[in-house]
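Commentary on secondary and tertiary structure
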Amino acid sequence: MAKHLLCHHASLAELIFDQPTDQKNIAKENISLAVFCAVLKELAHRYGRALLPEGNLLEQPDVLKDYLMVQMAREKVEQFRILFLDGKNYLIRDEVQSHGTTNHVSVYPREIAKRCLELKATGIIIVHNHPSGQVNPSRSDIIMTQNIERALAVIDVKLIDHLIITRKAQTSFRQLGLFDD
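Residues numbered from 1 in each chain as written. Predicted model: local features only at pLDDT ≥ 70, side-chain atom pairs only at ≥ 80, totals over all residues. Heavy atoms only, no water.

A look at the side chain of T145
Position of T145 relative to the elements: it lies in helix α7 (residues 139-154). Among the residues examined, T145 registers a relative accessible area of 3% and is labelled buried. At 2.7 Å, the side chain of T145 forms a polar contact with the backbone oxygen of D141. Residues contacting T145, with those up to four places away along its chain left out, are I126, L159, H162, F173 and F179. (Helix = DSSP H or I, 4+ residues; strand = E, 2+ residues; numbered from the N terminus. Buried < 20%, exposed > 50% of the residue type's maximum accessible area, 1.4 Å probe, protein only. Polar contact = N/O pair within 3.5 Å; in protein donor to acceptor, adjacent residues only side chain to side chain. Contact = heavy atoms within 4.5 Å.)

Put into structure tokens, the structure is as follows:
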């Protein structure tokens, strides 16, 4: 089993964050290892969440980015999530809104606005991953962000940032100057 794992996984992170189909192959050979990997993955996610500041989420952007790297960087398909914030930038909720394909995820500004109203959020950070490793936003990423920003403006919710996460890097639309402020 150890030889198999060493041949097929370059790192502990790859083993832990394997897709369920890969975990099933491991489970055929060793069910306890598959369970152990699933537990480690869940612990990594929960530990990352526990490290987030309890106060203003924007005061420690590196901690936030580290958390998002653990949550999303190794996903094999695009994932779109939203961090809902209150007026003091305290985290209300972190939700995955949708999963897509290797290079696309569907996003609906109306649904985002609706969820903001339900949670009484005054600001959000949207995040999605690029499994391809391309850290720069695509034209469709920029258009989607503009559409979300316009929809939120109607209900007085601020789009604080849009982050793209890859295995090795992150990009902030705000830092790239893609917001109008």
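Quick look at helix α6 (residues 109-119)
Owing to its 3.6 residues per turn, the α-helix brings residues three or four apart onto one side. What α6 keeps buried is the set I112, A113, R115, C116 and L119. In a view along the axis of α6, the buried residues occupy a sector of 165 degrees, so they form one face of it. When the buried face of α6 is taken as reference, the exposed residues oriented beyond 90 degrees from it are R110 and L117. Positioned one or two residues after α6, K120 has a phi angle of 60 degrees, which is positive. (Arc of directions from axis to C-beta.)

Focus on the sheet that holds strand β4 (residues 158-165)
Here we have 5 strands laid out as an open sheet, ordered β2-β1-β3-β4-β5, and mixed in their pairing. Either end of the sheet is taken by a strand with one partner, and the two such strands are β2 (91-99) and β5 (170-172). Averaged over all adjacent pairs, the angle separating strand axes in this sheet is 20 degrees, with direction ignored. In this sheet, β5 lies alongside β4 in antiparallel orientation, the contact comprising 3 bridges. Its bridge partner being in β5, I165 is matched across the sheet by Q170. The sheet contacts of helix α5 (residues 61-72) involve β1 (79-85), β2, β3 (123-129), β4 and β5, and relative to β1 the element is tilted by about 145 degrees. (Pairing = 2+ DSSP bridges. Axes fitted to C-alpha atoms, helices over the stretch in contact; angles between N-to-C directions.)

Here we look at the side chain of S172
Along the chain, S172 falls in strand β5. At 3.3 Å, the side chain of S172 forms a polar contact with the backbone nitrogen of R174. Those residues within four positions of S172 in sequence are excluded, and the remaining contacts are K65, D161, H162 and L163.

Quick word on unusual backbone geometry
In this model, N89 sits at a positive phi of 65 degrees, which is unusual for a non-glycine residue. In this structure N89 comes out as buried when scored by relative accessible area, which is 19%. A positive phi angle is found at K120, which is not glycine, with a value near 60 degrees.

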